[in-house]
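Residues per chain, in single letters:
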Amino acid sequence: MKKLLMTLAAAALMTISAQAQAYIGGSIGIGSVKIFNGDTETTYKFLPEVGFALNNDWSLGVQAGLIKGACDFSEAAFTQDTEAEAVTINPYARYTFLHGKVVNAFIDGGIGYTSYDDVGSEFNIGLRPGLSVKLNNKASIVTHVGFLGYRTFNPDNDNMDNAHAFGLDLDGSNITFGLYYTF
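Being a predicted model, the structure only gives us computed values, none of them experimental.

What the chain contains, in helices and strands, is two helices and ten strands. When each of the 183 residues of the chain is scored for burial, the buried share is 39%. Long-range pairs, those at least 24 residues apart, make up 56% of the contacts in the chain between residues at least 6 apart in sequence. Element-wise, carbon and sulfur atoms account for 63% of the exposed surface of the chain, whose accessible area totals about 10,900 Å².

Here is the structure:
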């Protein structure tokens, strides 16, 4: 029985793999954030990405990378300068709901974790809409704009409470542009 189940699982994986198209790429983001004490700080994001298109509508992928700049929860949780470096990971499922000859519209549903050095950590679950513009059969430009979902921040300082947010976030730090290459 175990051999039969393993054979069926292997056959299913091979079928999915034969139809899947892999893509690699990544995004960068630059934003300006006004922190609690009134200073303006520029944030930078470098987010490499890898994924598999299962069919025309569905893809699975993971985005991981580095962030430098202000912590998103700085006004709610901190009174000092919160310039930080962070590592983030965000696995997602992508649904492409609008297919055009050149432009596709999609939405990523994912779970993310970000660890800010000496500041705290953030967990999020939500949706990120985006557009993909085909340059040719293999390359495309991709942009994400905003975030709709739940985020929680756990500061490293024991004297501070966790911060929570639910809703739509459309500020400049949630816009990224990237380039993807499909195999």
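Now, onward.
Before going further, it helps to examine a nonpolar patch on the surface. Residues Phe-52, Leu-54, Trp-58, Leu-60, Tyr-95, Phe-97 and Leu-98 make up a contiguous nonpolar surface patch of roughly 680 Å² in combined accessible area. With three residues, strand β4 (residues 83–99) is the single largest residue contributor to the nonpolar patch. Looking at the secondary structure, you find Leu-54 in the loop between β2 (40–53) and β3 (58–70). For Leu-54, a relative accessible area of 31% puts it in the partly exposed group.

Once that is clear, we can look at empty space enclosed by the protein. On inspection of all chains with the given rule, the structure shows two cavities of 30 Å³ or more. Of the voids in this model, the second largest cavity is the one considered here, and its volume is about 40 Å³. If you trace the second largest cavity, you find it lined by Asn-90, Tyr-92, Asp-108, Gly-110, Asn-124, Gly-126, Arg-128 and Phe-147. Within the residue set of the lining of the second largest cavity, elements represented by two or more residues are β4, β5 (103–116) and β6 (120–134). Broken down by class, the residue content of the lining of the second largest cavity amounts to two nonpolar, four polar and two charged.

To continue, consider the nonpolar core. By size, the foremost hydrophobic cluster in this structure holds seven residues: Ile-67, Ala-84, Ala-86, Tyr-116, Val-119, Phe-153 and Ala-163. By size, the runner-up hydrophobic cluster in this structure holds five residues, among which are Tyr-23, Tyr-92, Phe-106 and Tyr-180.

The rules we used
Residues numbered from 1 in each chain as written. Predicted model: local features only at pLDDT ≥ 70, side-chain atom pairs only at ≥ 80, totals over all residues. Heavy atoms only, no water. Helix = DSSP H or I, 4+ residues; strand = E, 2+ residues; numbered from the N terminus. Buried < 20%, exposed > 50% of the residue type's maximum accessible area, 1.4 Å probe, protein only. Contact = heavy atoms within 4.5 Å. Areas by Shrake-Rupley, 256 points an atom, 1.4 Å probe, with all protein chains shown as cover. Patch = residues over 30% accessible without salt bridge, like charges linked within 9 Å, V, L, I, M, F, W, Y side chains within 5 Å. Salt bridge = Lys/Arg side-chain N within 4 Å of Asp/Glu carboxyl O. 1 Å grid on protein atoms, 1.4 Å probe; cavity = no way out; pocket = protein on both sides within 12 Å on 5 of 7 lines; lining within 4 Å. Points joined across faces, edges and corners; volume = space filled by probe spheres on them. Nonpolar A, V, L, I, M, F, W, Y, C, P; charged D, E, K, R; others polar. Core = buried A, V, L, I, M, F, W, Y, C linked by side-chain atoms within 4.5 Å.

Shape descriptors only; they carry no functional weight alone.
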